[in-house]
Amino acid sequence: MDPETLSKAFVEHYYSTFDANRAGLAGLYQDASMLTFEGQRFQGAQNIVSKLTSLPFQQCQHQITTVDCQPSGPAGGMLVFVSGNLQLAGEQHKLKFSQASFYLFGLLISGF
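Residues numbered from 1 in each chain as written. Predicted model: local features only at pLDDT ≥ 70, side-chain atom pairs only at ≥ 80, totals over all residues. Heavy atoms only, no water.

A.B. asks: Explain the overall build of the protein to me, please; I cannot follow it from the model alone.
C.D. replies: Along the protein, the regular secondary structure elements total two helices and five strands. Counting from the amino terminus, helix and strand elements in the protein follow one another as α-β-β-α-β-β-β. Relative to a compact globule of 112 residues, whose C-alpha radius of gyration would be 13 Å, the protein shows 14 Å and is just as compact. Seen through its C-alpha atoms, the protein measures out along the principal axes to roughly 45 × 30 × 25 Å. Among the 112 residues that make up the protein, the fraction classed as buried is 38%. Within the protein, contacts between residues separated by at least 24 positions form 47% of all contacts whose residues are at least 6 apart in sequence. Accessible surface, the protein: about 7,000 Å² in total, of which carbon and sulfur atoms supply 52%. Each charge class in the protein was averaged separately, 6 positive and 8 negative side chains, and the resulting centres sit 7 Å apart. (Helix = DSSP H or I, 4+ residues; strand = E, 2+ residues; numbered from the N terminus. Rg over C-alpha atoms; globule rule 2.2 N^0.38 Å. Buried < 20%, exposed > 50% of the residue type's maximum accessible area, 1.4 Å probe, protein only. Contact = heavy atoms within 4.5 Å. Areas by Shrake-Rupley, 256 points an atom, 1.4 Å probe, with all protein chains shown as cover. Lys, Arg positive; Asp, Glu negative; His and termini not counted. Charge placed at Lys NZ, Arg CZ, Asp CG, Glu CD.)

A.B. asks: Please explain the pattern of salt bridges as it appears in this structure.
C.D. replies: As enumerated under the stated definition, the model contains one salt bridge in all. Between K8 and E4 there is a salt bridge, and its shortest N-O distance comes to 3.2 Å. With K8 and E4 both in helix 1 (residues 3-20), this residue pair falls four residues apart, about one helical turn. (Salt bridge = Lys/Arg side-chain N within 4 Å of Asp/Glu carboxyl O.)

A.B. asks: Whenever I open this one, the pairing of strand 1 (residues 34-37) confuses me. Can you help?
C.D. replies: Taken residue by residue, a regular strand's side chains alternate between the two faces of the sheet. Where strand 1 lies against strand 2 (residues 40-43), four bridges are found, and the strand directions are antiparallel. Paired with M34 across the two strands is Q43, which belongs to strand 2. (Pairing = 2+ DSSP bridges.)

A.B. asks: Mind showing me how you'd approach helix 2 (residues 45-53) here?
C.D. replies: Since one α-helical turn is 3.6 residues long, residues separated by three or four positions face the same way. Listed in full, the buried residues belonging to helix 2 are A45, I48, V49, K51 and L52. Across the axial projection of helix 2, the buried residues extend over an arc of 155°, all falling on one side. Lining the buried residues of helix 2 we find helix 1, strand 1 and strand 2. (Arc of directions from axis to C-beta.)

A.B. asks: In this structure, what is going on with the pairing of strand 4 (residues 77-88)? I would like to understand it.
C.D. replies: In terms of residue burial, strand 4 counts as a mostly covered element, since nine of its twelve residues are buried. Connecting strand 3 (residues 60-72) to the next strand, strand 4, in antiparallel fashion are four residues, including G73 with a positive phi near 80°.

A.B. asks: I keep staring at the nonpolar core and nothing clicks. Help me out?
C.D. replies: The tendency in soluble globular proteins is for nonpolar side chains to be buried side by side. Formed by 26 residues in total, the largest nonpolar core has its most connected members in Y14, F18 and L52. Residue assignment for this core shows that the elements contributing at least two residues are helix 1, helix 2, strand 3, strand 4 and strand 5 (95-104). Element by element, the count of residues in this core is highest for helix 1, at six residues. (Core = buried A, V, L, I, M, F, W, Y, C linked by side-chain atoms within 4.5 Å.)

A.B. asks: Please explain the confidence of the model for the protein as it appears in this structure.
C.D. replies: Low pLDDT marks stretches whose predicted atomic positions should not be read closely. Averaged over all residues, the pLDDT of the protein equals 88, while 92% of them reach at least 70. Strand 2 holds the highest mean pLDDT among the elements of the protein, 97, whereas strand 5 holds the lowest, 83. Every residue in residues 107-112 scores below 50 in pLDDT, and together they form 20 contacts with partners more than four places removed in sequence or on other chains. (pLDDT = per-residue confidence, 0-100.)

Next up, the structure:
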């Protein structure tokens, strides 16, 4: 599978899981994974998922508009940048979002 197709498949899986069951994202993170959210850092799958599940909205729907990837590092890694719209339940207007630096490594997605 080429890097662009792999990146898009990962992003689709990530955001569909985020929208349906954020706790289900735990398997996509490793102990060394880091999430920086509004200046706060969360390391490791448990801490990251704890933060994501504590966000002040329960239901949302991501609409992805761009997925850009580029090779990174000697181990076949990829940096992935995502942008799109986020519709929160009960809100009339969509919010714009972007997320940079999903780091996928190896030929099989085993974490970022």
